[in-house]
Each structure stands twice: as structure tokens, then as C-alpha cells.
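The chain contents come next:
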Protein chains: 2
Amino acid sequence: MPDPPPDFQNWTCPLPLRDYPKIVMGHGGGGKLSAELVEHLFLPAFRNDALAVLGDATVLPAAAGRLAFSTDSFVVRPLFFPGGSIGHLAVNGTVNDLAMAGARPLYLSAGFILEEGLEIAALSRVVDDMAAAARLAGVQIVTGDTKVVERGHGDGLYINTAGVGVLPEGLNIGPGRAQPGDAVLLSGPIGDHGMAIMSVREGLSFESTIVSDCAPLHELASLAIDVGGDALHVMRDPTRGGITASLHEIARSSKTGVLVEEATLPVRPEVRAACEILGLDPMGVANEGKMLAFVTAHKADAVLAAWRAHPLGANAARIGTVTTGHPGMLLAKTVIGARRVVPLPIGENLPRIC
Amino acid sequence: MPDPPPDFQNWTCPLPLRDYPKIVMGHGGGGKLSAELVEHLFLPAFRNDALAVLGDATVLPAAAGRLAFSTDSFVVRPLFFPGGSIGHLAVNGTVNDLAMAGARPLYLSAGFILEEGLEIAALSRVVDDMAAAARLAGVQIVTGDTKVVERGHGDGLYINTAGVGVLPEGLNIGPGRAQPGDAVLLSGPIGDHGMAIMSVREGLSFESTIVSDCAPLHELASLAIDVGGDALHVMRDPTRGGITASLHEIARSSKTGVLVEEATLPVRPEVRAACEILGLDPMGVANEGKMLAFVTAHKADAVLAAWRAHPLGANAARIGTVTTGHPGMLLAKTVIGARRVVPLPIGENLPRIC
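Just so we're clear, the structure is a prediction, and the values are computed from it rather than from any experiment.

### Quick notes on the relation of the copies chain A and chain B
Superposition of chain A onto chain B requires a rotation of 180° combined with a translation of 0.0 Å along the rotation axis, giving an RMSD of 0.0 Å. Such a turn and shift between the copies fits a two-fold axis. The share of interface residues of chain A whose copies in chain B are also at the interface is 100%, consistent with both copies meeting through the same surface.

### Remarks on the interface of chain A and chain B
Taken together, the contact between chain A and chain B spans 78 residues of the former and 78 residues of the latter. Summed over both partners, the interface of chain A with chain B comes to about 5800 Å²; 57% of that surface belongs to carbon and sulfur atoms. Of all residues in chain A, Asp-56, Phe-69 and Arg-240 of chain A bury the most surface against chain B, accounting for 13% of the area lost on that side. The tally of links from chain A across to chain B stands at 10 salt bridges. Among the ionic pairs, Lys-147 of chain B bridges to Asp-72 of chain A, the shortest N-O distance being 3.3 Å. Taken together, chain A and chain B are joined by 28 residue pairs in polar contact (both at pLDDT 80 or more). At the level of elements, α1 (32-46), β1 (58-60), β2 (67-74), α3 (86-100), β5 (104-115), β6 (140-149), β7 (157-166) and α7 (242-254) of chain A are the ones that each hand at least two residues to the side of chain A that touches chain B. Ranked by residues supplied to the side of chain A that touches chain B, first place goes to β6 of chain A with eight residues.

### Brief notes about helix α4 (residues 120-137) of chain B
Residues and elements named next belong to chain B. Taking 1.5 Å per residue, 18 residues should reach 26 Å; α4 reaches 25 Å between its end C-alpha atoms and fits that length. With respect to burial, α4 is a largely interior element, 13 of its 18 residues being buried. Where α4 ends, the next residue or the one after it, Gly-138, has phi of about 70°, a positive value.

### Overview of the pattern of salt bridges
All names here are of chain B. Enumeration according to the criterion identifies 26 salt bridges over all chains in this entry. Of the charged contacts, one joins Lys-147 and Asp-145 as a salt bridge, the two residues approaching to 2.9 Å between their closest N and O atoms. In terms of burial, Lys-147 and Asp-145 fall into one category: buried. Between Lys-333 and Glu-261 there is a salt bridge; the shortest N-O distance is 3.7 Å.

### With respect to the environment of Asp-145 of chain B
Along the polypeptide, Asp-145 of chain B turns up in strand β6 (residues 140-149). The spacing of Asp-145 of chain B and Ser-109 of chain B is 36 residues in sequence and 8.4 Å in space, taken between C-alpha atoms. With residues up to four places along the chain from it excluded, the contact list for Asp-145 of chain B reads Thr-71, Asp-72, Ser-73 and Arg-240 of chain A together with Ala-110, Gly-111 and Phe-112 of chain B. A polar contact is formed between the side chain of Asp-145 of chain B and the side chain of Arg-240 of chain A, at a distance of 3.1 Å.

### Here we look at unusual backbone geometry
Here Arg-77 of chain A and Pro-78 of chain A are connected by a cis peptide whose omega angle stands at 0°. Residue placement: Pro-78 of chain A occurs in the loop between β2 and β3 (80-81). Positive phi is not limited to glycine here, since Lys-255 of chain A has a value of about 55°. Tracing the backbone through its elements, the reader meets Lys-255 of chain A in the loop between α7 and β10 (257-261). Its relative accessible area of 65% is what places Lys-255 of chain A among the exposed residues. Despite not being glycine, His-326 of chain B shows a phi value in the positive range, around 50°. Within the secondary structure, His-326 of chain B sits in the loop between β12 (317-323) and β13 (330-333).

### A short note on the sheet that holds strand β1 (residues 58-60) of chain B
Sheets are built from strands paired through backbone hydrogen bonds, the pairs being either parallel or antiparallel. Taking strand neighbours across the sheet as the criterion, the five strands line up as β6(A)-β5(A)-β7(A)-β2(A)-β1(B) in an open arrangement whose pairing is mixed. With one partner strand each, in any of the chains shown, β6 of chain A together with β1 of chain B form the two edges of the open sheet. Within the sheet, the average angular offset between the axes of one strand and its neighbour, ignoring direction, is 20°. In terms of strand pairing, β5 of chain A meets β6 of chain A through nine bridges, oriented parallel. Along β6 of chain A, the bridge assignment pairs Glu-115 of chain A with Val-149 of chain A. Taken strand by strand, α3 of chain A contacts β2, β5, β6 and β7 of chain A, and its axis lies near 150° from that of β2 of chain A.

### A look at the state of the cysteines
All names here are of chain B. This model, assessed by the stated rule, comprises zero disulfides over all chains. With no disulfide partner, Cys-214 has as its closest neighbouring cysteine sulfur the one in Cys-354, 10 Å distant. For Cys-214, a relative accessible area of 14% puts it in the buried group.

### So, the sheet that holds β6 of chain B
The strand order across the open sheet built from five strands is β1(A)-β2(B)-β7(B)-β5(B)-β6(B), with neighbouring strands paired in mixed fashion. Looking at the sheet topology across the chains shown, the edges are occupied by β1 of chain A together with β6 of chain B. Ignoring strand direction, the axes of neighbouring strands in this sheet form an average angle of 20°. Where strand β5 (residues 104-115) of chain B and strand β7 (residues 157-166) of chain B come together, 10 bridges link them in antiparallel fashion. The partner of Tyr-107 of chain B across the bridge, within β7 of chain B, is Val-164 of chain B.

### Thoughts on helix α7 (residues 242-254) of chain B
Owing to its 3.6 residues per turn, the α-helix aligns residues three or four sequence positions apart on the same side. All names here are of chain B. For α7, spanning 13 residues, the distance from its first C-alpha to its last is 19 Å, which sits close to the expected 18 Å at 1.5 Å a residue. Here α7 lies mainly inside the structure; 10 of its 13 residues are buried. Of the residues making up α7, those classed as buried are Gly-242, Ile-243, Thr-244, Ala-245, Ser-246, Leu-247, His-248, Ile-250, Ala-251 and Ser-254. Those residues of α7 hidden inside the fold are in contact with β8 (183-186), β9 (232-236), β10 (257-261), β11 (292-295), β12 and β13. Directly after α7, the chain includes Lys-255, whose backbone phi takes a positive value near 55°.

### With respect to the side chain of Thr-58 of chain B
Residues and elements named next belong to chain B. Position of Thr-58 among the secondary structure elements: in strand β1. Classification of Thr-58 as buried rests on a relative accessible area of 4%. Among the polar contacts listed, one links the side chain of Thr-58 to the backbone oxygen of Val-142, at a separation of 2.5 Å.

Reading guide: rules and limits
Residues numbered from 1 in each chain as written. Chains lettered and ligands numbered in written order. Predicted model: local features only at pLDDT ≥ 70, side-chain atom pairs only at ≥ 80, totals over all residues. Heavy atoms only, no water. Least-squares fit on C-alpha atoms with pLDDT ≥ 70 in both. Contact = heavy atoms within 4.5 Å. Buried area = accessible area lost by both parts, 1.4 Å probe. Salt bridge = Lys/Arg side-chain N within 4 Å of Asp/Glu carboxyl O. Polar contact = N/O pair within 3.5 Å; in protein donor to acceptor, adjacent residues only side chain to side chain. Helix = DSSP H or I, 4+ residues; strand = E, 2+ residues; numbered from the N terminus. Expected span 1.5 Å × (residues − 1). Buried < 20%, exposed > 50% of the residue type's maximum accessible area, 1.4 Å probe, protein only. Pairing = 2+ DSSP bridges. Axes fitted to C-alpha atoms, helices over the stretch in contact; angles between N-to-C directions. Disulfide = S-S within 2.5 Å.

Geometric values such as these leave the question of function open.
So, in C-alpha cells, the structure goes:
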């Protein structure tokens, strides 16, 4: 058996999986190899009381209150990138979808579609990243599934996570609740995740490496709920399609206009430079650790102050306003004071970003 | 634009998706094409109150009691087969995992990984199958996600579903609860699903077509719970790896032996013939609409009678017994009276069966 590549010297997977350095079809067959993958790779990483029962479904304690339920699949390419991996994304993506609904994320499922030939050491590293991200976000991965597809019918691995969380009583937020006069708040610089992926993929190099912002947003969401109270109307993490796609969806759902002041948008210089080289608008580039909040104007400063006191919100800014004019549309006030309509792109600037 | 293939003449998808007869990368980009796929394809099929809110996470009403939570990914090849499609499987697979935990299945998520070039008409047909299966099983598909991967990195489409259900109070079942003396009950003939897939894939033809048994098992599970009461110890749907894999897992979890009487095993003649041609043991072939129940012997006949009165359990049988000897092992009494150890296969007899 060849030595594992240097990146993977420290993987935690114990014997007997080392007999199979790569995924074979049998790892998805429900036989001994499947069982070994569960016992020697998934269980040690994700260990918790619910998972260890190993039934097909997991039994969770009774939850008081309304539940939030969400799912996301992750097909990012490459699997590892500056600032994270598909494992971090898979946990934080679903944690953040729950958090944006106002829920406290509690439990995740994990479904793996593995391509024959995937290094088990790479899978182990992804699974360790998922476990670390779950600990950081305070969630448990309680149920899972693994399938294997033939070489040439996948791309290393795809991950689906679904998540369950509980909602505080009385909370009433959603994309349709944005109201004219609301301040649009953003928790930090945009475009980091998308440009981190693109710079690796396209081999771009800058003076400093662009690092993904992949992070769990449940604490920033809690701050917005606690400080914003009834004044909080919408929360959203602007992932695929960037803040452009998120703000469009909110404008359309709430039948209001959204006006962004471009001069107030936080964008790191290296991200701006990369966007210029590739001809991209940073507003349309994906984020994985940023959130938008729509709050009545009188609460805007209080929410911003709370965010800025949190490490993930240090560069939070007020970036725009909800208007009665232009319902369903996104407008931007440019740095020279002109207004432009920001269209929703037809398709995809950056494929397989998450 | 070419005419759709005859199979797909009746697909329900309205305009404007017909402008794009095939999936393009942009359908996964979070822009207009993504939004059209959701609005014109997923929403009309799955329509329900929770889904229509269109946030990233869905808010569910408060559920009284413990929850069951489960996930499965579906990579079956081909997508359509006698008796069903990947859409039926994706709903019933997760419904059944929840039902086997004793839960009433309530809500599903659906995550799609689409390969560039997939016919939108085929996707529409799969989605319609999912909607029909969900109606039949009494569950709602309340949240979803779509990703698109480049041609050559998928195989048409892969689906992940996760599910949430509620558990009756006081129910205490699980693979570790099997007890010596328990009767092993099976709800009907084995091997139908696996051999339906294989006969299509290998081009085998028999006098009668082998049809997948894909079906929701929540009603049979309810009957086992209601009639079995405290005497019900384990429920399991023998999918990948067939009853061999399921019985092995139960024997190992409960540290008991399981003895199957081969003469009592219901197997359709055409399935037996196909297994003989391919050199397969029907006990190791996948099912998608059958369940095993372990009950104290005195309740066995009552559960069997209840099952036989249900259309999905007409051919239910008692197939074996739990023993104190041979803990962790599966044994079979052959038709000539000898006993053999039934090994857990290392890997995969039938790849991508579900």
C-alpha cells in the first residue's frame, strides 16, 4: 500500500480501513465495507448519543416549540480551499439556513455521495472538518447515509446536510416582512468565499491569499433577534448569487424596493482586485459567513453595535434602505451618486461555489 | 427546439422552462434560472403551505413528543424502472426509515444534484413521482435545494431526502432490543426491487416482468405497533444488502443469534429464477417495500394476521426465530434441514440499487 499523501499524514481513521486506501463500490453496498466505514470513520468523528444507536432513523428528545427544517447539498470544487473545505461548508451552510429562519440549530443529518477512487484519507479529513464545524456551531450530526457511484459519475464527494432547529416563541421574520424605511445591515465584507474558490481554481495569486469567510452565523443571528426585537424583519445569508440574489428575493417577496449605497459596501481590496480581473460585481459573489438583516431604522445602530462587538461582525455596516418605489427591484446608488438597476443574473457566474 | 421524447409528452411543467429543454449550469446558480426551476417545476408539484414561504429553512408547527430524524441519498440507475422511479424511492426510502423507528412520518426535505444536460422533462417526471409518493405516504415535502454539476460529474440526477416524524409516547424499539425467543416476521416476498433493477440493467427478460416493490411502510409499521404493543422489539426495512444485511445488524446489535428457515421465505418464482441466473442469494437482494418485525412469539400470529389483512402484507410470513446460541450471527436452516452460517457480504452484489 502506498504512503498517504503528505496532506493526510494526520488523519484519524483507525484500522482496518487502511487496507482500502481508496473508496470502492463496496463501501456503498450495505455489507462489511459499509459497516467499517461507519464504525471506523463516521462514528469516531461524529460520536454522540443519538448517532451511536445506529438505527436507520435517529430519535431526538422532544423539542418545545416550532421547528425549523432545512437542507442543502454541497458540490464545491475543489474540496479543500483557503479557509475551509466542503466539510466546513456542509455544516455551516445548513446551520446558517436554520439561523436565518431565527432558529437555534440543534441537529444535522449528513448524506455522502462518494465517487469510486476517492482517497479515504481525504474523506476522513472532510469528516473531521465536519465534526469540528459542528462542535463550533453547537450542533450534533445525528444520522447519516453513504452511497458510492462509479468513477466518472461524481467528483470526489458530494455532501447533503439537513438540519432541525427550534424557534423562539413569537418570532415572526421572513423575506416577505421587509418594510419601507427598514435599514439593510450587512455583517461584514462580501465576496470572500467566492473569490477564494475562484483564485484557487483559476490559479490567480495576489499579494495576500483570499480566504473563505465560511463560518456559523447562529450567534450573529441571536444578537439580531435579541437586540432587534420586533424591529427585526428579515435575516438572510447571501450565499450563491451574493447579496444581489438575496436582496432580489427579499424585494420580490416583500413587494418593496431595495436601495444599496455602493460606497458603504465593505469589500476587501484583494477581493475587489480579483473581481476586477474576472469582470465580476462583488455584490454577485458568494459568501459563506455573512448575513443581511432588515430592521426598522431606529434599531439599526443598536444591532450594528452588537454585531461589531462580535468577532464575526467587526466590519458590519449599514448598506442600504427599503423603499416604497421600485417594488420588487434592487437599485444601487453608485459612488458618483447615480442610481442603477441591479439585475438578477440569468444563470451562474461561478459554478459549484458551494 | 426538438419535440420531447414520447415518454415525457405528459409532463406538467409549464412555461418558461420549455425554453431550456435541458438542465444547464445556470439552473444551479441562484439566479433567474434557479428561481424559474423552483417556481415552475418544484412548487407546482410539491405545493403546500410550509414550502410556499420560500425561505432557506421551513418553519414547522410545534410537534408534541420525541422526534425521529433520518436521511438517505438516492443514486439508483436507471432513473426509471418497472414499478417506480428514483422519485418514488426518494420519498418512500426516508418515509420507511422513519416508520421503522416507530415514527409517524410528517415532513421531508429534498436535495437535488442535477447533471448538466438532464432533460427537464425527465426531472419533471421524477418530481411528479415524488409528489405522488408523498401524497400516498401522507408526508409533505417542505424544503429543498438544487445544485447542478458539469456533464460527466453526475448521472442524470441524485436525490437526497431527510425526514422528520413524531414518535408515539412510550415506544421503545430498536435493533438492540431483539430477544431470544422472538419471532422474526417478514411482510412479503423478498428481492423484487433488486431484481427489477437488475433485469432492466442486464436486459434479462422473463415470462413476466419483475416489478419493484417500492412502497411506503408506515401503515404496516402502525399495525405492528398497535397489535404488537410491548411485544414489538425491532422493525427494519431490508433495503441494500437485503434481509441478510438487516438481520446481521440486528443480531450484532442485540448480541443474539438469528435463525432463518429458508423454506418459509416468500420469494416470487421469477425473482428466484433471476437470482439463479445471476448467482445471487435472494436474502441478499434489496427490497423497497418490505419490513421485518421482531416480536415476542405469543404475539406473532396476531401481527401476521393484521399484516395479511393489508394490501402490502398479503404474503407476510414468519421466517425465523431469535436464539441465545451463535450471538451476533445469522444462520439459515436450509430446505433439506441443514444449518448454514449466512455471511455478511464484504461489499456490493448490486451497485446503485437505490
